[in-house]
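Each chain is listed here by its residues.
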Amino acid sequence: MQFRLLRGLATTAGVAALMCGCGGPPLTTADSLAAAPNVSSVVEHPPKAWIRPGASNGELLYAGVRLESGSGEGTVILTYPQGELVGSIDIGPSAMCSDTQGDVYLLTLNSAIEFAHGGTQPIRTVRVPGAQTVACAVDPTTGDLAVTFYCPPCGYENLAIFPSGSSQSTRYDTLAFSTATYDNSGNLFLANYDEIAELPSGSSEFIPISLNESVGDVGQIQWDGTYITLESAKPPATISRLSITGSTATVVGQTKFKPYMRQVGLSWIAGDGTVAFPYSAKGEGTPDLGVWKYPKGIHPMHTIKKIGNGDKGFGAITVSVPPTGLRPRR
């Protein structure tokens, strides 16, 4: 397995003007929710970006919503873990991530667009010209943003790391790796299918990591506060916890989820002992979004049901926490 360090730049770019639309009846979940614009209306007629006053005082779940036909996409903002609709942004992301201060990054085409926690206007945009972005992760020790991408003109997938606040990036040829996460020491881990690699903090050399057992095709890699985890990309939904020593990873535990799922979206493990991900119990797509206790799993705490008729569904998700100074005391 070989990795090559490439030099490159990504320039800051503007964001298209937000569109206007209308609201509708309330979104319903497994729990009773307050009235808010209907999520399916957000998908079909993206409204002007909005956020309910005071909503940014708590944790927020950002979820991409889409029509598989491609006509109308956006991001809804929900309270977490309850799932009450409190805002939206008219950007339909292919992926997203968030950092320890609650900033959210929405990936679209060749861009990563940054929003403050609860914010509806971009505060920074970085680009990887000519590429299709795939996934992102933020280094908790430096604020650096890692973006994996696929470059059709070049014929390879790659990785760009943007230093905190910068539009310039250092690029790495990572072969087929796509999903990414940092641990709490600033080490970057990449995964795709059944392969994992680590870029140690301060290094430019990747370390291939071998698993002691197969966990199936990997859909998501994430740091849960103690372990690097791998979510299976195919049913049944599982998240495996890894103990990594040198170039070897050992599965030390696994979380399983109910109900049985025909399709599973990418998960997001929150720091409050929960995990969320889109799924489908029946049929195609991922029309439902569940929240489970983590690492317990099994039955969901909350379920956001179908958002409308037809082929609408949830896409990428992330959980954003209030900045340190705004977090309520527990």
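All values derive from a computational prediction rather than experimental measurement.

**Section: the sheet that holds strand β18 (residues 218-223)**
At step 1: Spatial ordering of the open sheet is given by β14-β15-β16-β17-β21-β20-β19-β18, a layout of 8 strands whose pairing is mixed. The open sheet has two edge strands with one neighbour each: β14 (179-182) and β18. Recorded for the sheet is a direction-independent mean angle of 30° between the axes of neighbouring strands.
At step 2: As judged from the 5 bridges shared by β18 and strand β19 (residues 228-232), these two strands associate in the antiparallel manner. Opposite tryptophan 223, over in β19, you have isoleucine 228 as the bridge partner.

**What about the sheet that holds strand β6 (residues 95-98)?**
At step 1: Within the open sheet, the 4 strands sit side by side as β6-β7-β8-β9. Their pairing is antiparallel. Of all the strands in the sheet, the pair left with one neighbour each is β6 and β9 (124-127). Averaged over all adjacent pairs, the angle separating strand axes in this sheet is 20°, with direction ignored.
At step 2: Direction of pairing for strand β8 (residues 111-115) relative to β9: antiparallel, over a ladder of 4 bridges. Note on β9: the bridge partner recorded for isoleucine 113 is threonine 125.

**Overview of the packing of aromatic side chains**
At step 1: The final tally for this structure, using the stated rule, is 5 aromatic pairs.
At step 2: On the numbers, 5.7 Å between centres and 85° between planes, the contact of tyrosine 172 with phenylalanine 206 is edge-to-face. Here the residue tyrosine 172 occupies a position in strand β13 (residues 168-173), and phenylalanine 206 occupies one in the loop between β16 (195-199) and β17 (207-211), the gap between them amounting to 34 residues. This pair shows no difference in class: tyrosine 172 is buried, exactly as phenylalanine 206 is.
At step 3: Centre to centre, the rings of phenylalanine 257 and phenylalanine 277 are 5.1 Å apart; their planes meet at 85°, and the pair counts as edge-to-face. Note that phenylalanine 257 is positioned in the loop between β21 (248-256) and β22 (263-264) and phenylalanine 277 in strand β24 (residues 274-280), a separation of 20 residues in sequence.
At step 4: Among the aromatic side chains, those forming a connected cluster through ring pairs are Phe257, Phe277, Tyr279 and Trp292.

**Section: the side chain of glutamate 114**
At step 1: With respect to the helices, strands and loops of the structure, glutamate 114 is situated in strand β8.
At step 2: Owing to a relative accessible area of 8%, glutamate 114 belongs among the buried residues under this scheme.
At step 3: A polar contact is formed between the side chain of glutamate 114 and the side chain of tyrosine 105, at a distance of 3.3 Å.

**Points about the pairing of β14**
At step 1: With burial as the criterion, each face of β14 is covered, one bearing Thr179 and Thr181 and the other bearing Ala180 and Tyr182.
At step 2: Pairing of β14 with strand β15 (residues 188-192) involves 4 bridges; the strand directions are antiparallel. Looking at β15, one finds that tyrosine 182 is bridged to leucine 188.
At step 3: The loop that links β14 with its antiparallel partner β15 comprises 5 residues; one of these, glycine 186, has a positive phi angle of about 85°.

**Some remarks on the environment of lysine 258**
At step 1: Summarising the element assignment, lysine 258 is placed in the loop between β21 and β22.
At step 2: Setting aside residues up to four positions removed in sequence, lysine 258 forms contacts with Trp292, Ile298, His299 and Pro300.

**Remarks on the nonpolar core**
At step 1: Counting 32 residues, the largest nonpolar core has Leu145 and Leu289 as the members making the most contacts within it.
At step 2: With 4 residues, strand β11 (residues 145-151) is the single largest residue contributor to this core.
At step 3: Other than its neighbours up to four places away in sequence, leucine 289 contacts Leu61, Ala63, Ala276, Phe277, Pro278, Tyr279, His302, Thr303, Ile304, Phe314 and Ile317.

**Side note on unusual backbone geometry**
At step 1: That bond from lysine 258 to proline 259 is cis: its omega, 5°, falls within 30 degrees of zero.
At step 2: The residue proline 259 is located in the loop between β21 and β22 in this model.
At step 3: The residue after tyrosine 294, namely proline 295, is reached through a cis peptide bond having omega 10°.
At step 4: Mapped onto the secondary structure, proline 295 falls in the loop between β25 (288-293) and β26 (302-304).
At step 5: A positive phi is found at leucine 109, a non-glycine position, where the angle reads about 45°.
At step 6: If you trace the backbone, leucine 109 turns up in the loop between β7 (104-108) and β8.

So, how was this worked out
Residues numbered from 1 in each chain as written. Predicted model: local features only at pLDDT ≥ 70, side-chain atom pairs only at ≥ 80, totals over all residues. Heavy atoms only, no water. Pairing = 2+ DSSP bridges. Helix = DSSP H or I, 4+ residues; strand = E, 2+ residues; numbered from the N terminus. Axes fitted to C-alpha atoms, helices over the stretch in contact; angles between N-to-C directions. Phe/Tyr/Trp six-rings, centres within 6.5 Å; stacked < 30°, edge-to-face > 60°. Buried < 20%, exposed > 50% of the residue type's maximum accessible area, 1.4 Å probe, protein only. Polar contact = N/O pair within 3.5 Å; in protein donor to acceptor, adjacent residues only side chain to side chain. Contact = heavy atoms within 4.5 Å. Core = buried A, V, L, I, M, F, W, Y, C linked by side-chain atoms within 4.5 Å.

Without other data, these values stay purely geometric and don't point to any function.
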